[in-house]
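Remarks on the overall topology
In case you want the letters, here they are:
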Amino acid sequence: MNRAHLSLEEARPRVRGRERGRRAAAEIARTWRTYAELFDATAAAGGRSLDVPALALASVAATRAWAPDLAEEMEGVAEGADVPLWVVAALNARTEILSEAAAPRAGECSTVVHVGTSRSGASAGDGTGNGAAGRTVGGQSWDWHEELADGWHPQSVRGAAGDPADGGSLAFTGITEYGILAKIGLNEAGVGVLFNILGHTGDGAGGVPVHLVARRALGSATSFDEAVAVITGAPVSASTVMTVVTAGRAASVEVSPAGAAVVHPDAEGWLVRTNHFQDPALATGEYRGRLEPETYDRLRVLGERVRERDGIGGPDDLAALLTAHPGDGAEVCCHAPAGGRLGTRWATLATVLVEPAAGLFQVHDGGPCTAGPGTWETLVVPTG
């Protein structure tokens, strides 16, 4: 993989953001141009218009009230990249702004996690499929607009440990989009975060962006319970499921304007996520699944596949698990059509594996069907 790896080592949020903006200024500007077009195209498809600067600045205000260090870090990115603050905020709040447009979408991410079992082979843990010992592995495809295929990069962030409000941050690695503080990652405490978008009838813009919630969890959570508490306590305005993976525990945390819910692994230790709510109460407000029923097809196909497995053997095994095309009953590995307008050309941009106990984060540039020996890059989790 020939993508530039952004490594940041600075405790002070504004200075850290400034360095991000300075070093990726051209890429942030390019990514923003594509998102500006995407916002317009998506709004037009939904018969709406968007005041993007106002929506973005509302998300800054919500973030400042919840995590002032993250608002300060975005200010630093804007200064370093020499763009208005609302541009950086709009990138970080791209999920919220797109939900405000409310246009139909297709494709999106699929996640599988297997929680390790005891040495005897029996499921161990707390009665929710969470194992107390063994090898826990998670991974996902990241599907997004093909026009943004050059808009993401690996990153490592290392700051002084301590209270995030004081500038302290656990070190973490992962992938993100240019200008966005975090997305999918694994921190030095062995807490991993995987990402799938959801949709609720109450979704909109103006709350804390879900990408900043992931950033807060990666930068502050020293345990499974702390990560879940961060995510469930965030005042969001759009829906996402963040799957928290640690050495012996995992759960999917569904967040939405209607509340949050924690979905545990099944009795065999498997979690399979696509793009609809699994919590019964939150599912009453389901939006994406009503417009895009293929999310249920992906869940069904992956569910059938994991029932035949005892776990995830490694990156190539994950790739085989996620390689499913329309002829297989669902398009887990997504390929953009040759034609079509912006907003309709979905592709799997990256495939990711995390193994928290080993401090292992691996990424393949592209869909799982193109992965193989030598195509995976291992990102080393830094220490704070």
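Our structure is the block above this text.
Below: a short report on this structure. (Residues numbered from 1 in each chain as written. Predicted model: local features only at pLDDT ≥ 70, side-chain atom pairs only at ≥ 80, totals over all residues. Heavy atoms only, no water.)

1. Digging into the overall build of the protein
Within the protein, the secondary structure is distributed over 12 helices and 14 strands. Radius of gyration (C-alpha) of the protein: 19 Å, near the 21 Å computed for a compact globule of 384 residues. Dimensions of the protein, computed from C-alpha atoms along their principal axes, come out at roughly 55 × 45 × 40 Å. Burial statistics for the protein: of 384 residues in total, 59% are counted as buried. (Helix = DSSP H or I, 4+ residues; strand = E, 2+ residues; numbered from the N terminus. Rg over C-alpha atoms; globule rule 2.2 N^0.38 Å. Buried < 20%, exposed > 50% of the residue type's maximum accessible area, 1.4 Å probe, protein only.)

2. Some details on the packing of aromatic side chains
Enumeration according to the criterion identifies five aromatic pairs in this entry. With 5.4 Å between their ring centres and 85 degrees between their planes, Trp32 and Trp86 make a pair best called edge-to-face. Of this pair, Trp32 sits in helix H2 (residues 25–45) while Trp86 sits in helix H5 (residues 85–92), and the two are 54 residues apart along the sequence. For Trp32, a relative accessible area of 16% corresponds to the buried category. Taking the relative accessible area as the measure of exposure, Trp86 reaches 25% and is therefore partly exposed. Between Trp142 and Trp152, the aromatic rings sit 6.3 Å apart at their centres with planes inclined by 90 degrees, giving edge-to-face as the arrangement. One end of the pair, Trp142, is in strand S3 (residues 137–145); the other, Trp152, is in strand S4 (residues 152–158), with 10 residues separating them in the sequence. Members of the aromatic cluster, connected to one another through ring pairs, are Trp32, Tyr35, Phe39 and Trp86. Residue placement shows Arg94 over the ring face of Trp144; its charged tip is 3.8 Å from the ring centre. Between Arg216 and the ring centre of Trp66, over which it is positioned, the NZ or CZ distance is 5.7 Å. (Phe/Tyr/Trp six-rings, centres within 6.5 Å; stacked < 30°, edge-to-face > 60°. Lys NZ or Arg CZ within 6 Å of the ring centre and 35° of its normal.)

3. A short note on the pattern of salt bridges
Once their charged atoms are close, side chains differing in charge can pair, the charge on each being opposite to the other. Going through the model one piece at a time under the given rule, you end up with 24 salt bridges. A salt bridge links Arg345 to Glu146; the nearest nitrogen and oxygen atoms lie 2.8 Å apart. Placement of Arg345 in the loop between helix H12 (315–322) and strand S12 (346–355) and of Glu146 in the loop between S3 and S4 is noted, with a sequence separation of 199 residues between them. For Arg345, a relative accessible area of 13% translates into the label buried. Relative accessible area serves as the criterion here: at 30%, Glu146 is assigned to the partly exposed category. In this structure, the salt-bridge partner of Arg345 is Glu147, at a minimum N-O distance of 3.5 Å. (Salt bridge = Lys/Arg side-chain N within 4 Å of Asp/Glu carboxyl O.)

4. Points about the sheet that holds strand S5 (residues 172–177)
On the basis of which strands lie adjacent, the open sheet formed by eight strands has the order S1-S4-S5-S6-S7-S8-S9-S10 and mixed pairing. What marks the edges here is a single partner per strand, and that holds for strand S1 (6–9) and strand S10 (259–263). For this sheet, the mean inter-axis angle between neighbouring strands, taken without regard to orientation, is 20 degrees. The sheet contact formed by strand S7 (residues 192–197) and strand S8 (residues 240–245) spans six bridges and is antiparallel. Bridge pairing in S8 links Ile197 to Thr240. Sitting on the sheet, helix H8 (residues 224–232) touches S8, strand S9 (250–256) and S10, and the angle it makes with S9 is about 10 degrees. (Pairing = 2+ DSSP bridges. Axes fitted to C-alpha atoms, helices over the stretch in contact; angles between N-to-C directions. Contact = heavy atoms within 4.5 Å.)

5. A few points about H12
Those residues of H12 lying buried are Pro315, Leu318, Ala319, Leu321 and Leu322. Along H12, the residues classed as buried sweep out an arc of 160 degrees about the axis, all on the same side. In this fold, the buried residues of H12 make contact with strand S2 (110–114), S3, helix H11 (294–306), S12, strand S13 (360–365) and strand S14 (376–380). (Arc of directions from axis to C-beta.)

6. Quick look at the nonpolar core
Of all hydrophobic cores here, the largest spans 82 residues; its most connected members are Trp142, Ile175, Met242 and Phe361. Of all hydrophobic cores here, the second largest spans 17 residues; its members include Val112, Val272, Leu322 and Leu353. (Core = buried A, V, L, I, M, F, W, Y, C linked by side-chain atoms within 4.5 Å.)

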